[in-house]
Every structure is written in C-alpha cells, then in structure tokens.
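So the chains spell out like this:
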Amino acid sequence: MHESDVNEQGHSAADDESGFSRRGFLAGVVGAGAAAGLVGAAKGGLAPQAAQAAVATPAVRGATAPSGPPTTTLPLPTTTEPEQLLLTWGSDPARSVTVSWSAPGTVPQPAPFLAYSNKPITAGNPGRKVRLPEPAPLDVTRHYPEAASVSFTDGLNGQTTFFYHVQLTDLEPGTRYYYQVCDGAAAPSVAGSSFATAPAGRARYRFSSFGDLATPSWDLNTSGNIWHESCDNSFYAVTAIENPGDGRGAPLFHLLNGDLCYANLDIQNAPGVWRDFGINMGRSAANRPWMPALGNHEVEFGVCNEAGQVGDAPGGVSAQAAAGNYFNGPYGFGHYLSRFLLPDNGVRNWDGNRLRGNFYSFQVGTVKFISLDADDIIYQDGASAYLNAAADAASETTSSGAAIPNGTVTYNREYTGNLTLDAASYSLVPDFSSGTPNLQCTWLERELGEARRDPSVDMIVVFMHQCAMSTSLPGNGSDLGIRQAWLPLFDRYQVDLVLSGHEHDYERSYPVRGYDRGAHGTVVSPNPGQTAGAAVDTRRPHVVTTKPGRINGVPAWDTAQGTVFLVLGGGGTNGPANVYGTDTADGLPQAKVITQRNAITGSQAAGFKRNAADSIEDAPWSAATNAGDAYGYAIFDVDPGQRPGETTITMQYFAVPAVSNEAGSAHDGTTTLPTKPFETFVFGRGIHHFGRGHSEQGEPAVAASTAS
C-alpha cells in the first residue's frame, strides 16, 4: 500500500494500490460527516453536533399506495453502483472494522474496490486502496479472505445478488476513518462515509438497540413496493439512531435484535425485500457498526438441505421441498450470511459449516457483548412455514419452479447439536452422550466464563431475538427453551443485561436470578399429550428485588444481584404487539409460555394448522410495559467509573408513536421523534459500593410506566 497520507494508520492484508482519480470519485458520498456520539473527542472525531448526519429521504411519490405485497417476482436493477453500505465490528472493535456493500441487483460490479484514510478522502488524499476478487458463491465451510466478493442465488426466485466485504485491521483506537467504495465501472459510481473505531481501555461511549426493523412502506423505501410487515416506522427508527432524542449525539454502534426485514414472508421477492432493508439501514449503518442477532424471520425457504447443500431429489427444483430440502442456504440463513460478515466464533458445526456470524462476541471498553441465535434452543416453531387450513391446498410455487407443499416448516432447533434435560436443575445442557453436543451452548459457557475471569470486563450484555420473558398478549410469549438452556448460564456467570426483540413492544423485567420451584403455570392451549388446566413447570424466573436504588438521583438496579431483561422489539413492523396479559382475577401481569414445540396438526387432505403458546403463568417478574406505543429504541451510555468493577450503563428508552400513510389505527401517529425518554435507569454491579448518591429505597422510576 502506497500513495497514502503520511499520517494514516491501519491496513488491510489485501492488495494495496496507488491512489485513484477516476471520474465521479467524490460523487455519492453517504453521510461522511457523521460523528460518533460520545467518542466525538477521539482522535479525528467530530463535534457531537455533527451527529445529526444527513439521512436522505426517498423521492416523493404519488399519494396512492400500490397494492401489495407483490405476488410475482419483480426484476431487480442491472446497474452496479454501490449501495447498502454496512459497517460491522471485527474481532477487536478498537482496531478492526469490516466495510460491506452491495450491488443493486443481479449484475456484479466490474472491478470493485475500497479506499480508506484517517483524513477525508480527496484528490490530494486518495487513501489506501483495496481491490476485491471476482465473486464466489457463498461457502461457509471456508474462511473468508480479508477482501471477499460473495454471490448468493435465492432458492425460490433464482435471482443472484452480490455482496462485498473488506476487513480492515490494525486500525488505531478511538480514531475516525473515512472510506469510499467504487464499482470500478467505465463510468465509475462511488459511495462512502466515515466511522470511528472503538476506544481502547476504560472509556465512555454509547450504543443503541432495537429489533424487528422490517422495511419502510412504499412511500419511504427505494422500490416503491409494500412488502409483508412494511411500515414507515422502520424509516424513522433508523433516523432516530442517527439523531437520538436526547440531543447528545449518535451512538458508537447499534445492536439489531433479530427479525431484520421479514423477507421470508415474501417468497417471490426475498432479494428485493433485503435490498429495501439494506438501503434504509444503510442511512445509519454506513456511519457506525450495526451488529445483528439472528431471528426466526431470517430462516428462509429455499431448495437446500439444512446444511445448505443443494438437494438432489429426482424431479428437479420443484421436487426439492417435498424431499425435505426447503432451506435457503445454510439453515435458511443464506441472505443473512451473504450480507453480514461478523466476528468469527471459531466454531465449526457437526455438518462441516463454520458458524461465523450465527453467534459471536465482541468487547468495547469494559463491556462484553454476546449475540446469540435462539432458534437453536427455543421450543417455538416460528420460522418459515406454509400451513394452509384449506383441504387439499396446492403447493406454494415460485418463479424458479420450486414447490413448497402444505405442512412444510423450517425448524432449526438443535441445529448446532443436541441438548438433554438435567432433571435436578430442570435445565437443558449439551448432550455429550450423543456424540454431537450443542456447540452454541458449549461456546456460550466458555465465553461467559472467560468474560467473568477477565479483569478488563466489568459487565456482560447478551442480545438475541426471542424472549425468555414476555407478557405480550397478541405476541409470541415466553420460551421455556431459553429459560432451560441459557438462564442457568446467565445466573452462574451473572450476566447483567439481556436484550431481545420478537415482541413488537417494550417490556422490562425486575432483576431475576434462579427460578421459583413449584410455581407452576397452567396449560391453556394443549398440544397432543397435554391436558387443558394441568399444571406445567415453566421454570419461572425468580425476582430478587422490586425496589431500585439510586445513582445521582436516577433509579438504579444492582445487576450483581440479578439479570435485567429488556424486550426491545419496536423497530418498525406493521404488527404492533403492545397489549399485555393480565390475570382477570387480580389484575396482575400474566404471560404466555411455550413449554413444548408448537404442535403442527392436520394432513394434506384436511389442511394444516399450528398451535399457539400452550401455557400461561403469573408474571411477577414483569416490571414495566408500554401500552401506549409499540415502537421505540433504547440508548445506553456506558460509564467505566473510576476503578475496575465500577462500570454503569444508563438506559433511556424512547417510545415512538406509530406513523404511516396507510389506513388503520396501528399506523396513526406523527413523524415527530421523542425528546423525553419513557424510562431512564442505571444498571451496575454492586452499586451500593459506588458512593454516588445511592440509597436503598427507590421510588417508581417513571410515573407513565407500570414500573414499581
């Protein structure tokens, strides 16, 4: 690498070349002035006011919404200009960032490359240049090179799309870098932005979180279509991350808690849905890393077996689903794994696939973050499914010729290995006797143990999609699988916060540890073999306290005593779920609980249906809900304190009113984003030792919430 600014730091091991000055190099810059919130004082950083990065609004369209979702496959563009810019952390966020982007459609970029520098890229400072190789089909059995071009062919509509990744390493901590990506065409098209690496050591910073983002509707997305779950709150959720309501600047990074775009519901057009999602997300993800967790709607139909190998059933593509080959890439995650190049967990699955990105961890400052794929351990069967209650329903057919027969589901439970029940603790543990113990669970325990032994880690934050605790009435409910497989580990290693999505609402738990032995739930929607009204052990989490302390006048929870769970699923879908269960006898919170796999009953002759959550329980662990607004986002400010062990995390949850051009009360609202948080809490370990105005008796945190 040469022709670089003499003050530039960092490199990639990929080819480096001389600077370039092709026509159009400075065109198409995306938000290059975006700041990094509380890291604005880092080297090369910008003032916090600059965090109000430009977020472009699509061109104004006519007032009439199109019909939707489309029922036929729509063409994708054949242009090659880079779009859908996406940043993710590498293995060490202080020193490594991955820059990713996509071509608009079905044509690969002619000669893609990336340039980056720690000063703005100009004709006089062209930056370091990294060329990318020819695209190769997604292959998760192999390691990624530091610069990779990936193609993925959707199993249901046959469209092939292209994704580009450059892993930048040896960067300087707390430093702003500028980057440009180019398609390398004869008349080149360019896009770019900037990012800040994470600070090293004990440092202040902020991050944000929500799940269930979906896509903007026709008026605010690129395609002009209405997809399944499309809602304009998806657009405003991304805008809010770039300009949070407290006016203190954008976060350093964002956690996306699963169910990214719901493309598995649009079987004719999954690549098009992913494109609208990527362009919307890129208004923020071009400026700061977005770190996702897998959700049930990332599991897509296709014509591969579960490991992602193309099926070989006789009869061609149309016969593959009937033969059980109904996954779109490995575990149905083909689109996800093509777009996101995430930190490597070093785990190879029993089928030979590397599990990079399925679950992973990273550390920023004094906080360890762990992303999990709960599809692997939950009981709920909630991924791609074709369950038609009509008798003798025809197969769902797609433009590629694939035929999905009625009764087909994608159920990924135990895809990384087997679990067995430990009766003494009523927990699920890796089944070593099977020869294929669950690899995600063994990895998780190793990660948690190492984090708790690491003196540089004060707090642990886990994020996933599905919920261990939820009182949503129209939603999915709580899953016993998470309570059995992971809550014992969260207890043992004293995880501080667990963030999830799945329910399109907000809910906060009291600190919990252990479970209430003997406090059984009741079967209300029995699966075969269950009896309505029977008692069932839901492993109900045990509340350790209902009264917060205070730090500097703000209500505070001691997470050394118990883990706090937050449902943050209000990213932007058109299906709000903020109606909460209560026991009609006493008015106290009540939750649905899934204690077995949802039974799928029926036949081709009679039609198929799937059971709902089978049981209910009293939910004394539920501390706060928001019945007024389903949508919202959380901002977390990390303060490392003065000494090891003093880290605190202050959360503000901003509730966002529903807004859309579409009819229906679920879409009424305003485009004005909130400036006052619905709730503010501090989380810390052993807060009574901090000497920061802590008092043992707390008051209700926010009068408008149901907090106690």
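Up top you'll find the structure we're talking about.
Parameters at a glance
- Residues numbered from 1 in each chain as written.
- Predicted model: local features only at pLDDT ≥ 70, side-chain atom pairs only at ≥ 80, totals over all residues.
- Heavy atoms only, no water.
- Pairing = 2+ DSSP bridges.
- Helix = DSSP H or I, 4+ residues; strand = E, 2+ residues; numbered from the N terminus.
- Axes fitted to C-alpha atoms, helices over the stretch in contact; angles between N-to-C directions.
- Phe/Tyr/Trp six-rings, centres within 6.5 Å; stacked < 30°, edge-to-face > 60°.
- Contact = heavy atoms within 4.5 Å.
- Parallel < 35°, antiparallel > 145°, perpendicular 65-115°, else oblique.
- Nonpolar A, V, L, I, M, F, W, Y, C, P; charged D, E, K, R; others polar.

1. Structural notes on the sheet that holds strand 13 (residues 290–292)
Part 1: Taken together, the 8 strands give an open sheet; going across it, the order is 13-12-11-39-40-41-32-31, and neighbouring strands pair in mixed fashion. Because the sheet does not close on itself, it has two edges, and the strands there are strand 13 and strand 31 (549–551). Neighbouring strand axes in the sheet, compared pairwise and without regard to direction, differ in orientation by 30° on average.
Part 2: In this structure, strand 32 (residues 554–558) lies alongside strand 41 (residues 679–684), joined through 3 bridges in parallel fashion. Residue pairing across strands places Asp558 opposite Gly684, the latter belonging to strand 41.

2. Side note on unusual backbone geometry
The phi torsion of most residues other than glycine is negative, and most of the peptide bonds are trans.
Part 1: With an omega of 0°, the peptide bond running from Gly68 to Pro69 counts as cis.
Part 2: Here Pro69 lies in the loop between strand 1 (16–17) and strand 2 (83–89).
Part 3: The residue Asp170 is not glycine, and still its phi comes out positive at about 55°.
Part 4: Secondary-structure assignment places Asp170 in the loop between strand 8 (160–168) and strand 9 (176–182).

3. Some thoughts on the packing of aromatic side chains
Part 1: Summed over the entire model, instances satisfying the criterion amount to 29 aromatic pairs.
Part 2: Judged by centre distance (5.8 Å) and plane angle (25°), the rings of Tyr177 and Phe195 are stacked. Of this pair, Tyr177 sits in strand 9 while Phe195 sits in strand 10 (residues 190–196); the two residues are 18 residues apart in sequence, bridging distant segments of the chain.
Part 3: Ring geometry for Phe207 against Phe369: centres 5.0 Å apart, planes inclined by 85°, an arrangement best described as edge-to-face. One end of the pair, Phe207, is in strand 11 (residues 205–210); the other, Phe369, is in strand 16 (residues 367–371), with 162 residues separating them in the sequence.
Part 4: Among the aromatic side chains, those forming a connected cluster through ring pairs are Trp89, Tyr205, Phe207, Phe253, Tyr360, Phe362, Phe369, Phe463 and Phe636.

4. With respect to the sheet that holds strand 37 (residues 615–618)
Part 1: Strand order in the open sheet formed by 5 strands is 24-34-37-28-29, with mixed pairing between adjacent strands. Of all the strands in the sheet, the pair left with one neighbour each is strand 24 (478–479) and strand 29 (535–536).
Part 2: Sheet analysis places strand 28 (residues 521–523) next to strand 37, joined by 2 bridges and oriented antiparallel. In the sheet register, Thr522 faces strand 37, and the bridge partner there is Ile616.

5. Quick notes on the environment of Ala630
Part 1: By the element assignment, Ala630 lies in the loop between strand 38 (622–625) and strand 39 (631–639).
Part 2: Separated by 28 residues in the primary sequence, Ala630 and Ala658 place their C-alpha atoms 7.4 Å from one another.
Part 3: Filtering out sequence-adjacent residues up to four positions away, Ala630 remains in contact with His504, Asp505, Gly570, Pro576, Ala577, Asn578 and Tyr653.

6. What to know about the packing of helix 1 (residues 233–242) against helix 2 (residues 270–285)
How two helices sit against one another is set out by the angle between their axes and by the gap between those axes.
Part 1: Contact geometry for helix 1 and helix 2: axes closest at 8 Å, N-to-C directions at 10°. Our classification of the angle between helix 1 and helix 2 gives roughly parallel. Here Ser234, Phe235, Val238, Thr239, Ile241 and Glu242 of helix 1 lie close against helix 2, whose contacting residues are Asn280, Met281, Arg283 and Ser284.
Part 2: A breakdown of the residues in the contact of helix 1 with helix 2 according to their chemical character gives 4 nonpolar, 4 polar and 2 charged.

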